[in-house]
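Listed below are the residues making up each chain.
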Amino acid sequence: MGDSTATTGSQTANLPIIDFSKIEGFNSEATENAAEKQKLFQALRNVGFIYLKNYGISDSKVQLLFDYATRFFSQPLSEKEKIESGESKFFRGWFSPERTSGDARIADQKEAFDIGDDGNPSRPNQWPADWPEFRTDMNYFFEKCHDIHLVLLSTLAETVGLSRDSFLPYVQDKDHFFRLLHYPQTTLESFGSRLRASPHTDYGTFTLLFNDNSGGLQIRGKDGQWLDVHPIPGCAIVNIGDLLSRWFNGILQSTEHRVIEPSASRATLALGETIPSRYALAWFGNPNRNAYIEPFSACITEDNPKRFDGVYAGKHVADRIAKLHKDGKAPEVWKDSMYRKDLSGKA
Ligand SMILES: O=C(O)CCC(=O)C(=O)O
Ligand SMILES: [Fe+2]
């Protein structure tokens, strides 16, 4: 951290755009479609981030969710506190890193609202009162993203010679999170000590990310340089999480990324000047909580020997989120030595 000012004039990450309509379904035999599947695999192998277009959620639905996010976070603190998240709440509800971190001066400048599968009574979501359409549309989005991620997983399985449905038993419990994010209005100066999202990799299978036009998202390129990821209208941003990377024995990249001040303000603003709020929607796909994730034998070769120990998905995800809550920001690089010893077994 603190090196954000060194990125002035940073370059753009020219991520590949994948057409979801060409990889969807089981009957995509056309050459063009086979080429699109290869393009997806190569992009996730080399960069770990793509733009996804024609993914089957309307722009108006995405916009509606952004409107909800604005309305949700503008509620008084007293309302948000009623549905505050935490481990005892299965990490569902409202979360503010500066409230939970040991040192609010370095916590991420954000607040979030998380839901999981609303059909799981043993892990209830926490909903704001008197807002039924919020619940309906959040759940719609959660399910649509699950369906999109199934297609992406099936396509990857196919590309490495596994059957298309080989992942299905490991992800059908829908242990995913759907998160609304608000990065409050701030000043350029504040980024000297607190980013909007500190450098991190995501935890699970795929993240489906929807950005507004604020900017500030960056990924770390192979040479260590931070690259700006600009939103493209009609496209979601999709990236690989650590558990999918582990499943593929490191063949797929879970690329480090962060959210800093928008590049435009970096160039034009004086330190004390205001940077407006930013909103994002992030759907984090995870394998079933009790799935034991170790590299597939199809991905272990002489050239690429087994690179990861096995881990229960639920433990991995819970330990990562617990650390985010405790520190108010993610560790730059996750190391298995960071797993909590007190919960060493199955989650
Ligand atoms: O807000 C964004 O664009 C990215 C957020 C992110 O990377 C995350 O929450 O894991
Ligand atoms: Fe992320």
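As the structure is a prediction and not an experimental result, all values here were calculated from the model. (Residues numbered from 1 in each chain as written. Chains lettered and ligands numbered in written order. Predicted model: local features only at pLDDT ≥ 70, side-chain atom pairs only at ≥ 80, totals over all residues. Heavy atoms only, no water.)

Undergrad: Is there a simple way to think about the UniProt feature "domain: Fe2OG dioxygenase" (unreviewed entry) in the protein in this case?
TA: Those residues carrying the UniProt feature "domain: Fe2OG dioxygenase" (unreviewed entry) are residues 173-287 in this numbering. Secondary structure content for residues 173-287 is 10% helix and 38% strand, and the end C-alpha separation is 8 Å. (UniProt positions renumbered as here; feature names shortened; annotations may be inferred. Helix = DSSP H or I, 4+ residues; strand = E, 2+ residues; numbered from the N terminus.)

Undergrad: Please clarify how the sheet that holds strand S10 (residues 226-228) should be interpreted in this entry.
TA: Sheets are built from strands paired through backbone hydrogen bonds, the pairs being either parallel or antiparallel. The antiparallel open sheet is built from 4 strands, whose spatial order is S7-S12-S9-S10. The strands lining the two open edges of the sheet, one partner per strand, are strand S7 (197-200) and S10. Across the sheet, the mean angle separating the axes of adjacent strands is 25° when strand polarity is ignored. Of the pairings in the sheet, the one linking S7 to strand S12 (residues 257-259) comprises 2 bridges and is antiparallel in character. Within S12, the residue paired with Ala-197 across the bridge is Val-259. (Pairing = 2+ DSSP bridges. Axes fitted to C-alpha atoms, helices over the stretch in contact; angles between N-to-C directions.)

Undergrad: Even after reading the chapter, I still don't get the packing of helix H3 (residues 59-73) against helix H6 (residues 132-159), so can you show me in this structure?
TA: For any two helices packed against each other, the geometry comes down to the angle between their axes and how far apart the axes lie. Packing of H3 against H6 brings their axes to within 11 Å, and their N-to-C directions diverge by 130°. If you check the angle between H3 and H6, you find them oblique. With respect to the hand of their crossing, H3 and H6 are arranged in left-handed fashion. Side by side, H3 and H6 meet where Lys-61, Val-62, Leu-64, Leu-65, Tyr-68, Arg-71 and Phe-72 of the first sit next to Glu-133, Phe-134, Asp-137, Met-138, Tyr-140 and Phe-141 of the second. Considered class by class, the residues forming the contact of H3 with H6 number 9 nonpolar, no polar and 4 charged. (Parallel < 35°, antiparallel > 145°, perpendicular 65-115°, else oblique. Left-handed = near helix turned anticlockwise from the far one by under 90°. Contact = heavy atoms within 4.5 Å. Nonpolar A, V, L, I, M, F, W, Y, C, P; charged D, E, K, R; others polar.)

Undergrad: Looking at this model, I keep getting lost on the site of ligand 1. Mind explaining?
TA: If you check the shell around ligand 1, you find Leu-181, Tyr-183, His-200, Asp-202, Leu-209, Asn-211, Leu-217, His-257, Val-259, Arg-278, Ala-280 and Phe-284 and nothing else. The contact in question runs from an oxygen atom of ligand 1 to an N or O atom on the side chain of Asn-211, over 2.9 Å. Alone, ligand 1 offers 290 Å² of accessible surface; in the complex the protein occludes 96% of this. Where the shell around ligand 1 is concerned, the elements lending two or more residues are strand S5 (177-183), strand S8 (206-211), S12 and strand S14 (278-284). Residue contributions to the shell around ligand 1 peak at 3 residues, all from S14. Grouping the constituent residues of the shell around ligand 1 by class yields 7 nonpolar, 3 polar and 2 charged. (Near = heavy atom within 4 Å. Polar contact = N/O pair within 3.5 Å; in protein donor to acceptor, adjacent residues only side chain to side chain. Areas by Shrake-Rupley, 256 points an atom, 1.4 Å probe, with all protein chains shown as cover.)

Undergrad: I keep staring at the nonpolar core and nothing clicks. Help me out?
TA: What tends to happen in soluble globular proteins is that the nonpolar side chains get buried as a cluster. In terms of nonpolar packing, the biggest core is built from 88 residues, with Phe-113, Phe-178, Leu-180, Phe-206, Phe-210 and Leu-244 touching the most fellow members. Considering each element in turn, this core owes the most residues, 11 residues, to H6. Aside from chain neighbours lying at most four places away, what touches Phe-206 is Leu-44, His-149, Leu-152, Leu-153, Leu-156, Val-238, Asn-239, Ile-240, Leu-244, Trp-283, Phe-284 and Gly-285. Judged by nonpolar contacts, the second largest core, of 5 residues, contains Leu-188, Phe-191, Leu-195 and Ile-275. (Core = buried A, V, L, I, M, F, W, Y, C linked by side-chain atoms within 4.5 Å. Buried < 20%, exposed > 50% of the residue type's maximum accessible area, 1.4 Å probe, protein only.)

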